[in-house]
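If you want the building blocks of each chain, they are given just below.
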Amino acid sequence: MDLIKLLGQLDIKADWVGLRYVNESTTYRWVRDGHPQANDRSSSKGLMVEVLVDGQFAYYATSRLDIESVQAAATTAVSMAKAAAPFSIHKFTEQARPVATGNYHSPYQQAENSLSAGDINGLLVKSCEALKVSEKIVSTNALARIVNSHHLYVSSNGSNVEQQFLIVTTGSMAVAQDGPIVQKRSDSGMQARSWQTGLESLEENRLLEDSVRVGEEAVELLSAEECPSANMDLLLAPDQMMLQIHESVGHPLEIDRILGDERNYAGWSFVRLKDFGNLRYGSDLMNITFDPSVSHEMASYNFDDGGAKAEREFIIKDGILQRGLGGVESQIRSGVPGVANFRASSWNRAPIDRMANLNLEPGDSTVDELIGCVEKGVLMQSNRSWSIDDYRNKFQFGCEYAKLIENGQLTRTLRNPNYRGISNSFWKNLKGVGNKDSFEVYGTPNCGKGEPNQVIRVGHASPPCLFADVEVFGGEQ
Amino acid sequence: MEQLFDQLCNSLFSQLAKDESLAISLQGESSLFNRINGAKIRQTGQVNDSDLSLDLVFNNRRATGSVTLTGEFEPDLEPVLDEIARLRREVKELPVDPFTVLPEGGQSSRTVLRGDLIDPEQGVEKLLVPMQGADISGILASGSIYRGNANSAGSKHWFSSDNFSLDYSLVNPQEKMVKATYAGSSWSQSDYEESLSLSIEKLQIMGQSSIKLEPGNYRTYIASAGVADLLNMFSWNGLSELSMQTGESAFLKMRNQGLQLSPLFSLAEDFSNGLVPRFNAQGEISAERIDLINRGQLKSCLVSSRSAKEYALESNFANEGEELRSAVMASGELPESMILQALGTGVYLSNLHYLNWSDVVGGRITGMTRYACFWVENGEITAPIENMRFDDSFYHFFGNNLEAVTAESHINPDVGTYGGRSLGMTQCPGILLSSFALTL
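Residues numbered from 1 in each chain as written. Chains lettered and ligands numbered in written order. Predicted model: local features only at pLDDT ≥ 70, side-chain atom pairs only at ≥ 80, totals over all residues.

Asks: Quick question: what am I supposed to make of the overall build of chain B here?
Replies: Summing up its helical and strand segments, chain B has 10 helices and 20 strands in all. The C-alpha radius of gyration of chain B comes to 24 Å, within 12% of the 22 Å expected for a compact globule of 440 residues. Each principal axis of the C-alpha distribution contributes one length, and for chain B these read about 75 × 60 × 30 Å. In chain B, buried positions account for 54% of the 440 residues. (Helix = DSSP H or I, 4+ residues; strand = E, 2+ residues; numbered from the N terminus. Rg over C-alpha atoms; globule rule 2.2 N^0.38 Å. Buried ≥ 20, exposed ≤ 12 C-beta atoms within 10 Å, placed from the backbone.)

Take a look at the structure:
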């Protein structure tokens, strides 16, 4: 695909033109109860033509890649930009699309085709067998998703970027049932094991060991106590911190939300533009980075979809809000410092402010020290339920598995653990952060936002974190 | 697009081996998207996107795949043939799938719903000028949507619809909001401006200072849009036969323990309004109406042919995900004009937000109140409320706490655009509850 040549052949009157090509295949294999449930490969290939006319951007997304079709797409986009220009939310210049040249390739050891479809199905069947540790296991599931995504971006002001991503997700899940009691347990929450890797993620011994543990814990939950209801200390494992960071730090700090773009859909934010540089978001222990450079984390890249160079930045430092999650367009509109996170889910969606890798930096406590300082509390692992308000204030999250902490020791297993709180006060009660030895990297392929809607991949890494005085409660069975 | 679909199907079916079965689906759209913030254009663009999905069964093994179409037969044929060749190679490597269902023939349908849509370029002015002076965010999605299905056993279905949805929120200076949707197949400038005026009028009430409620149980009215959100949860760990069989359904207590909901609650999958195609990805046609819950009793789940084969049941030709496609909840007897009087003192909720199961087995759903939600005293709206979190079980709010159901029912179109514009809808009335748990 020679985008430079295609760009050179376009005959339109625009202040700026960009071509963004995406060719992505997603291979999804799912085995349930030892039988294949899905062996699917969906492919998507197309081009977004974007133009800037009279300060207004407009786009035309097409799967026709011949010059006549791309010319027609560009001509229509110019007309649309002209028509919309009298109603522009902001008069942009080509500064909104910085010049970028370079490339990126996901690091991996084993190539996408290093295992056959039969090999992977065989592995997933074995995973189902390993999950079935008891007759009380009524359903077993094992999945693998492999995404191969090739991105090209060129522009009339000189950008030329190529990025190639290989992303592998694995997951296993068991449902255990004993009469009316039903419990589900998965491997870190379904699909949290998403990384930029090759098929080394499908290493058999690791997958089968994890499957046995998942099955055993599902059965263990059947006879576990119900999570108590009280305000107490809450220790969140890294696979739940992923969700906590995502919902109560990531989304409220997206500058386009703060500017109101999402008010009709995902919502607004409790954070205001004046808060950047000032707001105490959490305790002194809270350090959040936007870090596209973490090897193997799901949303690592060198350039966003508007051409901005992606670099590590502190979003929150020692508890104080430093900068927002906003690409160049949002930075221009708001005057707030941001990051390179202007991202689109594919060729058929325009980029908007998205999370990428958003991480909580390690502190200096060991896991034993975090547990040891708790008189009464709960350790929760692996998200199973999530809901938060449109300002990203009032949240309620549920987990799959919990342990009671009494007098500095993990004691009994608890089922149906939930907690709720309000973002800002919750983070101010952060009183312990695990060290780098306890730092774990996860991701999710399913972050939804935008109009038209877009699902995008994000990464979150964190050590376990301890919060004081959290409203914890159980289920209703 | 229909002609292209026919040509590709003919090419694929003509070179199929005797022991191969193939189902082909097309999903496509040509859509205008105008994204609005502050009654200004935030983003504007057009998307032309179509995919062809192939579902190949050979020797009780199954592999599926999809490719992007350009809309032209010659350039599309090659990647489609490449994909069927890849599926043929792959399917031989796969384990036997004992629950694979071969496509059946004999059924065909064709629905073409033509519309009169706003012009992509000149329509901006028609859309934006009436909004000026108001603070409005939202999106206009407008254009043609295509769905096709054919299989090697001889069935063929085509559905296309020209339609639009303007989904928007009005915001007042106190950041209180009102939500509205203007949707249809023929754009009427006068209808649009009337819809907008009604929403602006509704926003006036939101100008009063809001009340902060304490957590607790409240008499509550939930309007149709909020009820639709609650019903949509039943597509996820809900009325799917597979989720029932694998222990993941919130309705297990109804099937296994005989629990019932209120006799005021009835729910069906009902395609009679013709807005949603009745055929699924296998080319099977659902009955026009499937009673799921009748006067509080679980009558049926959504059963795909795959689940039917696995669990020796009768299929009702749900799609493979066994989600609701065209849910209709039965109306009741409470006239909408009497809602405030019937509520007396309590909470009026227009919309809900960000729902999730907080306890699947217990049927408990959590979420937020959003948009035009009010405190009502002695049958009069007194003030908007600050948004509250709810956490309550449908065994309560569609059970003993369901006091009345409105006589009027509304269509709530699925305006979702993940992966493409949706065609689904939920038709439902509002509900009056003797108690609803607000928790934070």
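Following the structure, the description resumes.
Asks: What exactly am I supposed to notice about the domain arrangement of chain B here?
Replies: Interfaces are often described in size by the accessible area the parts lose on coming together. All names here are of chain B. Entries for chain B in the domain assignment read domain 1 (2-205) and domain 2 (216-438). Relative to domain 2, the C-alpha centre of domain 1 lies at a distance of 25 Å. Taken together, the 32 residues of domain 1 in the interface contact 22 residues of domain 2. Of all the secondary structure elements, the ones that give two or more residues to the side of domain 1 that touches domain 2 are strand E1 (20-37), strand E4 (108-113), strand E5 (135-151), strand E6 (156-171), strand E7 (177-184) and helix H4 (189-205). At six residues, the largest contribution of residues to the side of domain 1 that touches domain 2 is made by E5. Split by residue class, the side of domain 1 that touches domain 2 holds 12 nonpolar, 13 polar and seven charged. (Domains from an automatic or database assignment. Contact = placed C-beta atoms within 7 Å. Nonpolar A, V, L, I, M, F, W, Y, C, P; charged D, E, K, R; others polar.)

Asks: In this structure, what is going on with unusual backbone geometry? I would like to understand it.
Replies: Excluding glycine, most residues fall at negative phi; most peptide bonds, likewise, are trans. Here Glu451 of chain A and Pro452 of chain A are connected by a cis peptide whose omega angle stands at 0°. Among the secondary structure elements, Pro452 of chain A is positioned in the loop between strand E22 (440-449) and strand E23 (454-462). Although it is not a glycine, Asn59 of chain B sits at a positive phi angle of roughly 55°. As for its placement among the helices and strands, Asn59 of chain B is situated in the loop between strand E2 (40-58) and strand E3 (61-69). On the basis of neighbour counts, which here come to 12 C-beta atoms within 10 Å, the residue Asn59 of chain B falls in the exposed class. Positive phi, normally seen in glycine, also occurs at Tyr354 of chain B, with a value near 55°. Relative to the assigned elements, Tyr354 of chain B resides in strand E13 (residues 346-359). Residue class for Tyr354 of chain B comes out buried when judged on the 20 C-beta atoms lying within 10 Å of it.

Asks: Help me understand the sheet that holds strand E18 (residues 410-413) of chain B in this model?
Replies: Backbone-to-backbone hydrogen bonds join strands into a sheet, with any given pair of strands oriented parallel or antiparallel. Overall, mixed pairing links the six strands, which are arranged E11-E10-E9-E12-E19-E18 (chain B) in an open sheet. Each edge of the open sheet carries a strand with a single partner, namely strand E11 (297-298) and E18 of chain B. (Pairing = 2+ DSSP bridges.)

Asks: Quick question: what am I supposed to make of the domain arrangement of chain A here?
Replies: All names here are of chain A. Domain parsing of chain A yields domain 1 (3-223) and domain 2 (226-473). Each of domain 1 and domain 2 has a C-alpha centre, and the two are 21 Å apart. Contacts between the two partners involve 43 residues from domain 1 and, on the opposite side, 36 residues from domain 2. Residue classes in the side of domain 1 that touches domain 2 are distributed as 19 nonpolar, 16 polar and eight charged.

Asks: I tried to follow the interface of chain B and chain A on my own but got confused; where do I start?
Replies: Taken together, the contact between chain B and chain A spans 72 residues of the former and 64 residues of the latter. Here the side of chain B that touches chain A takes 10 residues from E2 of chain B, the largest share from any one element. Across three bridges, strand E2 (residues 35-53) of chain A lies against E3 of chain B in parallel orientation. Note that in E3 of chain B the partner of Asp40 of chain A across the bridge is Thr64 of chain B.

Asks: Just to check I follow, could you spell out the pairing of E7 of chain B for this structure?
Replies: Along any regular strand the residues' side chains alternate between the sheet's two faces. Residue and element names in this part refer to chain B. Strand direction decides the pairing type here: E6 and E7, joined by eight bridges, are antiparallel. Paired with Leu170 across the bridge in E7 is Val178. Where E6 folds back onto E7 in an antiparallel hairpin, the turn is made up of five residues, including Glu175, whose phi is positive at roughly 65°.

Asks: Please clarify how the sheet that holds strand E13 (residues 320-321) of chain A should be interpreted in this entry.
Replies: Residues and elements named next belong to chain A. The four strands lie next to each other as E13-E12-E11-E16, forming an open sheet whose pairing is antiparallel. Because the sheet does not close on itself, it has two edges, and the strands there are E13 and strand E16 (358-360). Note: strand E11 (residues 288-290) against strand E12 (residues 313-317), three bridges, orientation antiparallel. Directly across from Ile288, in E12, lies its bridge partner Ile316.

Asks: Before we go on, may I ask you to explain the confidence of the model for chain B in this structure?
Replies: Detailed reading of predicted coordinates is not advised where the pLDDT is low. Mean pLDDT over chain B: 96, with 100% of residues reaching 70 or higher. Per the prediction output, this complex has pTM 0.96; the corresponding ipTM is 0.95. (pLDDT = per-residue confidence, 0-100.)

Asks: Honestly, the environment of Ser188 of chain B in this entry has me stumped. Any pointers?
Replies: One can find Ser188 of chain B in the loop between E7 and H4. For Ser188 of chain B, a count of 12 C-beta atoms within 10 Å corresponds to the exposed category.

Asks: I tried to follow the pairing of strand E18 (residues 394-406) of chain A on my own but got confused; where do I start?
Replies: Residues and elements named next belong to chain A. Counted residue by residue, E18 has 12 buried out of 13 residues, so it is predominantly covered. Direction of pairing for strand E17 (residues 376-388) relative to E18: antiparallel, over a ladder of 11 bridges. Paired with Met380 across the two strands is Ala402, which belongs to E18. What sits between E17 and E18 in their antiparallel hairpin is a turn of five residues, with Arg392 showing a positive phi close to 65°. Pairing of E18 with strand E20 (residues 418-422), which is carried by five bridges, proceeds in the antiparallel orientation. Residue pairing in the sheet places Phe397 in a bridge with Tyr419 of E20. With four bridges joining them, E18 and strand E19 (residues 409-415) adopt antiparallel strand pairing. Looking across to E19, one finds that Lys403 is bridged to Thr413. Connecting the antiparallel pair E18 and E19 is a turn made up of two residues, with Asn407 showing a positive phi of about 50°.

Asks: Honestly, the packing of helix H1 (residues 2-14) of chain B against helix H2 (residues 73-91) of chain B in this entry has me stumped. Any pointers?
Replies: The description of two packed helices rests on the angle between their axes and on the distance between the axes. Residues and elements named next belong to chain B. Viewed as axis vectors pointing N to C, H1 and H2 meet at an angle of 40°, and their least axial separation amounts to 11 Å. Considering their axes alone, H1 and H2 lie oblique with respect to each other. For H1 against H2, the interelement crossing comes out right-handed. Across the interface between the two elements, Leu4, Gln7, Leu8, Ser11 and Leu12 of H1 pack against Phe73, Asp76, Leu77, Val80 and Ile84 of H2. Classifying every residue of the contact of H1 with H2 by side-chain character gives seven nonpolar, two polar and one charged. (Axes fitted to C-alpha atoms, helices over the stretch in contact; angles between N-to-C directions. Parallel < 35°, antiparallel > 145°, perpendicular 65-115°, else oblique. Left-handed = near helix turned anticlockwise from the far one by under 90°.)

Asks: Got a minute to help me understand helix H5 (residues 238-250) of chain A in this structure?
Replies: Along an α-helix, residues three or four apart share an orientation, since each turn contains 3.6 residues. Taking 1.5 Å of rise per residue, the 13 residues of H5 of chain A would be expected to cover 18 Å, yet its terminal C-alpha atoms sit only 16 Å apart, more than 12% below that figure. With 13 of its 13 residues buried, H5 of chain A lies for the most part within the structure. (Expected span 1.5 Å × (residues − 1).)

Asks: Please explain the nonpolar core as it appears in this structure.
Replies: Soluble globular proteins: nonpolar side chains tend toward being buried together. If you look at the biggest cluster of nonpolar residues, it comprises 266 residues, and the most contacted ones within it are Val49, Val51, Ala77, Leu234 and Val378 of chain A. For Ala77 of chain A, the residues in contact, after removing those within four places along its chain, are Val49, Glu50, Val51, Ala58, Tyr59 and Tyr60 of chain A. (Core = buried A, V, L, I, M, F, W, Y, C linked by C-beta atoms within 7 Å.)

Asks: How should I be thinking about H2 of chain B in this particular structure?
Replies: Taking 1.5 Å of rise per residue, the 19 residues of H2 of chain B would be expected to cover 27 Å, and the 26 Å separating its terminal C-alpha atoms lies within 8% of that figure. On its buried face, H2 of chain B is in contact with E2 and helix H3 (117-131) of chain A together with H1, E2 and E3 of chain B.

Asks: So what exactly am I meant to see when it comes to the packing of H3 of chain A against helix H4 (residues 204-222) of chain A here?
Replies: All names here are of chain A. Interhelical geometry of H3 versus H4 gives an angle of 30° and a closest axis separation of 7 Å. If you check the angle between H3 and H4, you find them roughly parallel. Two packed elements cross with a definite hand, and for H3 against H4 that hand is right-handed. Contacts from Leu123, Lys126, Ser127, Ala130 and Leu131 in H3 reach Glu204, Leu207, Leu208, Ser211, Val212, Val214 and Gly215 in H4. In terms of residue class, the contact of H3 with H4 is made up of seven nonpolar, three polar and two charged.

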